[in-house]
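Descriptive structure summary
What follows is each chain in one-letter form.
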Amino acid sequence: MTIFLRLIFSFIIPVIIFVSSVAIGNDKPSTGAESNQVSKCATVEFNKRQMERYPEFRTNKNAIERFTRGFENTDNLLVTIPVVFHIIWNTPEQNISEAQIQSQLDVMNKDFARLNADTVNTPAPFKPLGANTQIQFCLAQRTPDNQPTNGITRTQTNVVSYARTDTNMYYTSLGGIDIWDRDRYMNCYVVNFTGDILGFAQQPGGPPQQDGMVIGYKYFGTIGTATPPQDKGRTVTHEAGHWFNLDHIWGDEPACAQDDNVGDTPLQAGENGGCPNFPLTDACTPNAPGVMFSNYMDYVDDACMNIFTLGQSTRMNAAINGPRASLLTSNSCVPVGIIPISTEVPENFVLDQNYPNPFNPSTNITFSIPKSSFVTLKVVDISGKEVAVLVNQTLQSGSYKADWNAAGFATGLYFYTIEADGIKHTKKMILAK
């Protein structure tokens, strides 16, 4: 990104109020197969309210869209986003377990890497469009003031439930908890909602004190309080898409004039619910293969969502390299006490990014050294515990490959550190099963 663009996103956009993408209410009939609980979205309603409140919103939205349309995702490097889950609870049932939180993180990492088992259910014509977004997530390992954390906060509140456009959960003074710096974290609030709301997220560029996702505790993760048919963790996948600047796949209007600004998603007249049969056609796409109802940005049941497209991946990576670019330098995935992640490769060796990454169960790390050196290559887990030593010997100049088979290890974030001639280089990798 040019210095000019960085200045735009660093100083102009954060002070302009953008839109919150709010899901999920019950407004109109679904165009697809019906479910006993079809999610709906109040995005258009919320946008209209925000534009009335803050006239700058439309200018901000247009600036982000211009940048997004000019963005080309060419480097395809893995990005790991630190996440903090804020559990806001009124009754003990709402104070969900750490295991349920981990189940949600696992879903996010699989869905964004296209490692989810149900990719086999993607209709054949759409499978070539499925994307590994190269976006992964870790539980934050340090607080904004650099104290150790497990990436989870718990706040008991007197608030019984929250409404569809409520923002009180973002403020300690109103019974919630103040947001952690949105430039270093993705903030996900888990609350009890009024009625049939599932969750909402603010798209890039909005007020920093409300820049997160809010999810109903009944529609979070895959165990515990997760309630069918939203019990596969896809509400968070959907809202994370909004947080990275995706729109609903049908473009939020019941006709064919407006699209989701993604070239490889078919035009669609409206949202779909339940679990439609393939092919599903409508007035906007009347011929097979029809609409992409299995997309995470539609409203079908969790078990029938299974794909982000290549175009959606590019759009999300545009957000990461534009209005959310500060996340690229966040150290919040790195535990306190672990050597900082290197951003440049020392001159005395070359370290390629391990491949694949994310991986399951094996990955390989390639490196080259220009002269004879004693080389140590180690793997540590997120607590800093050494779990593998891949190289620990003198090597002659040349290129090398070290394999690590992580079968039997827990899913999550790991680090590998290579040291030669007293210089260390640390990188991160994701084991996603």
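Residues numbered from 1 in each chain as written. Predicted model: local features only at pLDDT ≥ 70, side-chain atom pairs only at ≥ 80, totals over all residues. Heavy atoms only, no water.

1. Comments concerning the overall build of the protein chain
Formally: Counting from the N terminus, the helices are the DSSP runs of H or I reaching at least four residues and the strands are the DSSP runs of E reaching at least two. By definition in these notes, contact holds between two residues if any of their heavy atoms fall within 4.5 Å.
When you go through the protein chain residue by residue, the secondary structure sums to six helices and 14 strands. The long-range share in the protein chain, meaning contacts at least 24 apart out of those at least 6 apart in sequence, stands at 70%.

2. Observations concerning the confidence of the model for the protein chain
Cut-off, in case you're wondering: Confidence of the predictor in every single residue is expressed as pLDDT, which spans 0 to 100.
Counting all residues, the mean pLDDT for the protein chain is 84, and 84% of those residues have values of 70 or more. By mean pLDDT, the top-scoring element of the protein chain is strand β4 (residues 152–156) (98), and the lowest-scoring one is strand β1 (residues 20–23) (38). Predicted confidence for residues 1–38 stays below pLDDT 50, and this span has 129 contacts to residues more than four positions away or in other chains.

3. As for the side chain of Ser373
Where we set the bar: For every residue, the accessible area (1.4 Å probe, protein chains only) is compared with the maximum for its type, and the residue is labelled buried under 20%, exposed over 50%, or partly exposed between those bounds. Each polar contact in these results corresponds to two N or O atoms within 3.5 Å; when the atoms are within protein, one needs to be able to donate a hydrogen and the other to accept it, and residues that are neighboring in sequence are counted only if both atoms are side-chain atoms.
Among the structural elements, Ser373 can be located in strand β10 (residues 373–381). Take Ser373: its relative accessible area is 3%, and that puts it in the buried class. For Ser373, the side chain forms a polar contact with the main-chain oxygen of Lys371, separated by 3.1 Å. The contacts of Ser373, once residues within four sequence positions are left out, are Gln393, Thr394, Leu395, Ala420 and Asp421.

4. Points about helix α5 (residues 234–243)
Within an α-helix, residues lying three or four positions from one another point in the same direction, as the helix has 3.6 residues per turn. In terms of burial, α5 is largely enclosed, as 10 of its 10 residues are buried. Every buried residue of α5 is accounted for by Arg234, Thr235, Val236, Thr237, His238, Glu239, Ala240, Gly241, His242 and Trp243. One or two steps after α5, the chain reaches Asn245, where phi turns positive at roughly 80°.

5. Overview of the packing of aromatic side chains
In this description, a pair of aromatic rings is defined by centroid distance and the angle of the planes. Quick note on the threshold: Here a Phe, Tyr or Trp ring, Trp counted by its six-membered ring, pairs with any other such ring whose centre lies within 6.5 Å, and the pair is stacked when the planes are under 30 degrees apart, edge-to-face when over 60, and tilted otherwise.
The tally for this structure, following the rule as stated, stands at 18 aromatic pairs. Between Tyr170 and Tyr189, the aromatic rings sit 4.7 Å apart at their centres with planes inclined by 65°, giving edge-to-face as the arrangement. With a gap of 19 residues between them, Tyr170 in the loop between β4 and β5 (186–191) and Tyr189 in strand β5 connect regions that are remote in the sequence. Each of the two residues, Tyr170 as well as Tyr189, counts as buried. Taken together through their ring pairs, the aromatic side chains of Phe112, Phe137, Trp243, Phe244, Tyr296 and Phe308 make up a single cluster.

6. Focus on the side chain of Thr285
Inspection of the secondary structure puts Thr285 in the loop between α5 and α6 (310–321). For Thr285, a relative accessible area of 14% translates into the label buried. In this structure Thr285 touches Pro266, Leu267, Gly290 and Val291, once residues within four positions along its chain are discounted.

7. A look at α6
Basically, it comes down to this: In this scheme, a helix's expected span is set at 1.5 Å multiplied by one less than its residue total.
Taking 1.5 Å of rise per residue, the 12 residues of α6 would be expected to cover 16 Å, and the 16 Å separating its terminal C-alpha atoms lies within 8% of that figure. Within the sequence span of α6, burial applies to Gln312, Ser313, Arg315, Met316, Asn317, Ala318, Ala319 and Ile320.

8. Some thoughts on the packing of helix α4 (residues 98–113) against α5
How we decide: Where helices are involved, their axes are fitted lines through C-alpha atoms of the stretch in contact, as for all axes, and angles between N-to-C directions lie from 0 to 180°. Working definition: roughly parallel below 35 degrees, roughly antiparallel above 145 degrees, roughly perpendicular at 65 to 115 degrees, and oblique for all remaining angles. Here is the rule for handedness: rotate from the far helix to the near one, and if that takes an anticlockwise turn smaller than a right angle the crossing is left-handed, while a clockwise turn gives right-handed. The residue classification treats Ala, Val, Leu, Ile, Met, Phe, Trp, Tyr, Cys and Pro as nonpolar and Asp, Glu, Lys and Arg as charged. All others, Gly included, are polar.
Closest axis-to-axis distance for the α4/α5 pair is 9 Å, and the angle between their directions is 55°. With respect to their mutual orientation, α4 and α5 come out oblique. Note that α4 runs across α5; the crossing there is right-handed. Counting all contacts with α4, which are made through Gln104, Val107, Met108, Asp111 and Phe112, the residues of α5 involved are Arg234, Val236, Thr237, Ala240 and Gly241. Residue composition of the contact of α4 with α5, grouped by class: five nonpolar, three polar and two charged.

9. Overview of the pairing of strand β14 (residues 423–431)
What counts here: In this description, strands pair whenever DSSP reports at least two bridges between them.
Sheet topology places strand β13 (residues 412–420) next to β14; nine bridges connect them, and they run antiparallel. The partner of Leu413 across the bridge, within β14, is Ile430. Hairpin connection from β13 to β14: two residues lie between these consecutive antiparallel strands, with Asp421 at a positive phi of about 55°.

10. Observations regarding the environment of Val380
The residue Val380 is located in strand β10 in this model. As a C-alpha pair, Val380 and Leu413 span 33 residues in sequence and 9.3 Å in three-dimensional space. With sequence-adjacent residues up to four places away left out, Val380 is seen in contact with Ile338, Lys385, Glu386, Val387, Tyr414 and Phe415.

11. Focus: the environment of Ile179
Here Ile179 shows up in the loop between β4 and β5. Judged by relative accessible area, Ile179 falls into the buried class, the value being 18%. A sequence separation of 93 residues divides Ile179 from His86, and the C-alpha atoms of the two residues are 8.7 Å apart. Ile179 has contacts with Tyr170, Asn187, Tyr189, Pro208, Gln209, Gln210, Asp211 and Gly212, leaving out every residue within four places of it along the chain.

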